[in-house]
Amino acid sequence: MSEYVPAIGLEVHVQLKTKSKMFCSCSTDFGAPPNTNICPVCTGQPGVLPTKNKKAIELAIRAGLVLNCKIQKYSLFARKNYFYPDLPKAYQISQYELPISKEGFLMVGDKKIRIIRAHLEEDAGKLLHYIGSTPVDGSLVDLNRCGIPLLEIVSYPDIDSPQMAFDYLKTLRRLLRYAGISDCDMEKGSLRCDCNVSVRKIGEKLGVKTEIKNMNSFKEVKDALTYEIERQTKVLKEGGKIFQETRLWNPKQGKTFAMRRKEEAHDYRYFPDPDLRPIFLSEEMISEQKKQIPELPADRKKRYTEMGLSEYQADVIIDEKELADYFEKVAENSNPCEAANIIITHLLRQINEKNIPYSQIPLNPQNLSELVNLKTDGKITPQIIKRIFPEMFEKNENPKKLLENIEVVSDEGEIKKIVMDAIQKNAQAWNDYKAGNEKASGRIIGFVMKQTEGSADPVKVKKILEELKNENFDS
Amino acid sequence: MSYFDEIKNYLERIKKQDKYNAFLEIFEQRALNKAEELDERKKRGEKLGNLAGIPVAVKDNILVKGEKFTCGSKILEGFVAPYSATVVEKLEAADAVIIGRTNMDEFAMGSSTENSAYGPTKNPHDLKRVAGGSSGGSAAAVAGDLVPVALGSDTGGSIRQPAAFCGVLGFKPTYGAVSRYGLVAFASSLDQIGVFAKDPDLLESVFDVIYGVDEKDETSHKIDTSPKNVAFQRIEGYPKIGVPKEFLNCSQEVREIFEKALKGFNIVEISLPHTEYAVAVYYIVAPSEASSNLARFDGVRYGRRIEGDDLISTYSKTRGHGFGEEVKRRIMIGTFSLSSGYYDAYYLKAQKVRTLIAEDFRDAFKKVDYIVTPTTPTPAFKIGEITDPLSLYLQDVYTIPASLAGLPAISIPAGKTKDGLPVGLQIIGKRNSDFMLLFHDIFYFTGEK
Ligand SMILES: [Zn+2]
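Rules and cut-offs
Throughout this document, residue positions are counted from 1 along each chain, in the order its sequence is written. Labels follow written order: the first chain is A, the first ligand is 1, and so on. Per-residue local features are limited, in this predicted model, to residues with pLDDT of at least 70; the limit for side-chain atom pairs, both in listing and counting, is 80 or more; totals at the level of whole chains, interfaces and linings are taken over all residues. The basis for the side-chain values is all heavy atoms of the structure; hydrogens and waters are excluded. The rule for donors is simple: an N, O or S atom within 2.8 Å of the metal counts, and for Na, K and Ca the reach is 3.2 Å. Water is not among the atoms, so a site may look short of donors. The way it works is that DSSP assigns letters per residue, a run of H or I at least four long becomes a helix, a run of E at least two long becomes a strand, and they are numbered from the N terminus. Burial status follows relative accessibility: with a 1.4 Å probe on protein chains alone, a residue under 20% of its type maximum counts as buried, one over 50% as exposed, and anything between as partly exposed. Note on scores: pLDDT gives the predictor's confidence for each residue, bounded by 0 and 100. Only heavy atoms enter the contact rule, under which two residues are in contact if any of them lie within 4.5 Å. Accessible area, probed at 1.4 Å, shrinks when two parts are joined; the buried area is that loss added up over both. One side-chain nitrogen of Lys or Arg within 4 Å of one carboxyl oxygen of Asp or Glu is enough to make a salt bridge. Here a polar contact is recorded for every N or O atom pair within 3.5 Å, except that within protein the pair must consist of a potential hydrogen donor and a potential acceptor, and residues adjacent in sequence are included only if both atoms are side-chain atoms.

## Description of the coordination of the zinc ion
In an ideal tetrahedron of four donors about a metal, each angle is 109.5 degrees. In an ideal octahedron of six donors, the angles are 90 or 180 degrees.
All names here are of chain A.
Line of reasoning, step 1. Looking at the zinc ion, one finds its protein donor set to be C24 (SG), C26 (SG), C39 (SG) and C42 (SG), positioned 2.3 Å from the metal centre.
Line of reasoning, step 2. Each donor residue of the zinc ion lies on the same chain, and together they follow the pattern C-x1-C-x12-C-x2-C. A residue pair is termed long-range when its members are at least 10 positions apart, and C24 in the loop between β1 (4-15) and α1 (54-66) and C42 in the loop between β1 and α1 qualify at 18 residues. Considered together, C24 and C42 belong to a single accessibility category, that of buried residues.

Structure follows, in structure tokens:
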């Protein structure tokens, strides 16, 4: 172990869930052909003016609230000036000195990660490079993303490991998705994360930080941080110096590379945007957003464990709000623990195998709760559940109806024959069972189920075993 | 006479008689199409708009969809407006005929229209003299009777100063009274579209069409419209007119004409103590905003592009060749003022002083109804006469304070010098009192009604 410890701060950009862009009425739909969601305003034509999207401001308030921030009743948009072909106005409208919310925190497990600020801004466009190719040799600009509303959430360097950065991102994403603030989908560009990282000896003040960009998944964030911490530690141990610079993560090589040094950094010449009035928030606007906040993941988890779910079960179920909502509907009419169990073992497998979004689960919760009830009533074995579940899931079938088609061996005489055969073949277990070891019956019952492919009525099997024990049946 | 013939006459007149270089282009087809449409609709007995058939010239920084515009610059050469400014939409909806675009100082930066990439505009009263600027083309077009009315834009005096030089009415409304959507921004917190005319009634009816809240412009707001329906009555002692002592360091001749025009009015001497800082404040705030507003002219999306070896050199070649000297000078001043380490000392400080200047006016308006000043310290100067930028900046010394305070102000002809050059008188009103200014006071000073 090295005596160096890292300090990590994250800058997360999330796309706010609005239908139209931040300062014009263009659509925010993902995947439209290049330069189709554009207008004079978001392409920075001469003479245009921006106008604020009210919904984006509301979502920013809501985000500030769930991140425990102080909501600023007066905040300003500023211009961040720099030249780049994906930035049509040559300035980005952002918030600088007076952000809409600041000084909050996010609980990641037991650890409190403080938030410096969460501010509104607009996204830039995208450059598509076709250098050396035909028919286009050069770079093209797609301005569809230009003007998409973003919230930049900046944390203090309170994160002390790549794993915690990973957990922070997961927790943040879950929170924002629950509250309907953002989809936080990295693949669709609705969440991006830059990291500021430095290392220092325990007890010393913060070291020189580098900023890492270009991570495409939470795992890449973790990998990039792991690499960068090792790199910095090595440099310092060898008596070298860390430069304040921006570094790009290269996922193929698993390394970060220096992009630009601080000395070459832009002077963005921020100043309040004279085209936009300040944002004035009323108490009503803030309390309205408070009302819009649903039960959040941490509260749900607490409630579920109180219902009897294990920590693990609760964590899995709350991970996605839609899954948790589904679970609640199932648990309304059945035993919650058993419901969680079946959801985790069977439902999630189907969902993952078939790659179905939670919003489109074909099986309705009523049918699933019937299945849970059959299970808790002992009327169905795990083996049968395993057999019927795929069909039930796909066709949204009532489990009772599916059971009709399954030949259940319920003739006591026949079951007794199979049980006696099982006893013959598991003599040791039978003797143990007779000697008072209840658990030993499991091996015999398992054998019976295997023979009958799970179709023997387990209640009857158990009953027969007890009878035979009382008769002191001998193998 | 049909609308068609009338517009045709105007077009002919502009073609033949624009010896002032007032127009950069006439929109012949657009104007004739509109005139034809009006004749058709009239024949069908339809009700036409309030400005039916009135030809309006627009300054070259106001967008008219489908027409070229340049802001008096080479950098936008060949670019066609992809949409119409709100004011143009409103004028066309009122059946006015947009007849052409007028010359201006490049990106509205200047006080003589000598900074146009398309040559200076000459003053109809003396062709050797400037028409003023930056809306010199619009002022000369009206003064030379090429059109009865024209739109301009005023950032620090760009309507009032050329109006004074050309002897016409030039009205700069309250900041935010008229939508800026479709006006190419120079200094966003100061720019305002306004009107030139000779006839105060026509000026008022054009303003009546273009003013109003626009959802495309957050800085637009409601103004006081109550005077619109109130017939003016002369009340003893009203209006009380304040003349700020800081505004009288003008030429002897201007001062004499000014004082003569004010005879018989209820005059109070007032003080606007922060006036001396106004020009300095303006030349920090306006270039700062301009440096950001003009950054989009980079050759990537529209207008002229001069390819360099790489992106940066394409930017600098395009901008180096495309912009004129004065524009580059102001971009440099603005870029410097906003730079980190200088922001507090320049931009922020200037904004604070701007607040003090606005407070001066607020205090003064507790005592008086209007503030009246000469519009300019001198009448129109000769083309090429002033070459030092600072001396040219001082041309706006009387118009800048009202711009910084966002107040409505109008320049009206007050008389002529011995050489026959017009002298303007500026009336500044309270914020949002635009209709008050138009209804009462033009009448007072010009005695035309
Ligand atoms: Zn748009």
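Now that the structure has been shown, we can carry on.
## Considerations on the confidence of the model for chain B
Line of reasoning, step 1. Averaged over all residues, the pLDDT of chain B is 93; the fraction at 70 or higher stands at 95%.
Line of reasoning, step 2. As scored by the predictor, the complex reaches a pTM of 0.90 and an ipTM of 0.95.

## Overview of the interface of chain B and chain A
Line of reasoning, step 1. Counting residues at the interface gives 42 residues for chain B, matched by 32 residues for chain A.
Line of reasoning, step 2. Of the roughly 2800 Å² buried at the junction of chain B and chain A (both faces included), carbon and sulfur atoms supply 55%.
Line of reasoning, step 3. Our enumeration of links across chain B and chain A arrives at two salt bridges.
Line of reasoning, step 4. Counting across the chain B and chain A interface gives 17 residue pairs in polar contact (both at pLDDT 80 or more).

## What about the pattern of salt bridges?
Two side chains with opposite charge may pair up if their charged atoms get near one another.
Residue and element names in this part refer to chain B.
Line of reasoning, step 1. Inspection of every chain in the model, using the stated rule, returns 62 salt bridges over all chains.
Line of reasoning, step 2. Across the pair K15 and E12 runs a salt bridge whose closest N-O atoms are separated by 3.7 Å. Placement of the pair is K15 and E12 together in helix α1 (residues 3-17), with a separation of three residues, close to one helical turn.
Line of reasoning, step 3. Residue classification places K15 among the partly exposed positions, given a relative accessible area of 44%.
Line of reasoning, step 4. Using a relative accessible area of 28% as the deciding quantity, one classes E12 as partly exposed.
Line of reasoning, step 5. Residue E37 pairs with K34 through a salt bridge whose shortest N-O separation is 3.7 Å. With a gap of three residues between them, E37 and K34 both fall in helix α2 (residues 28-43), about one helical turn apart.

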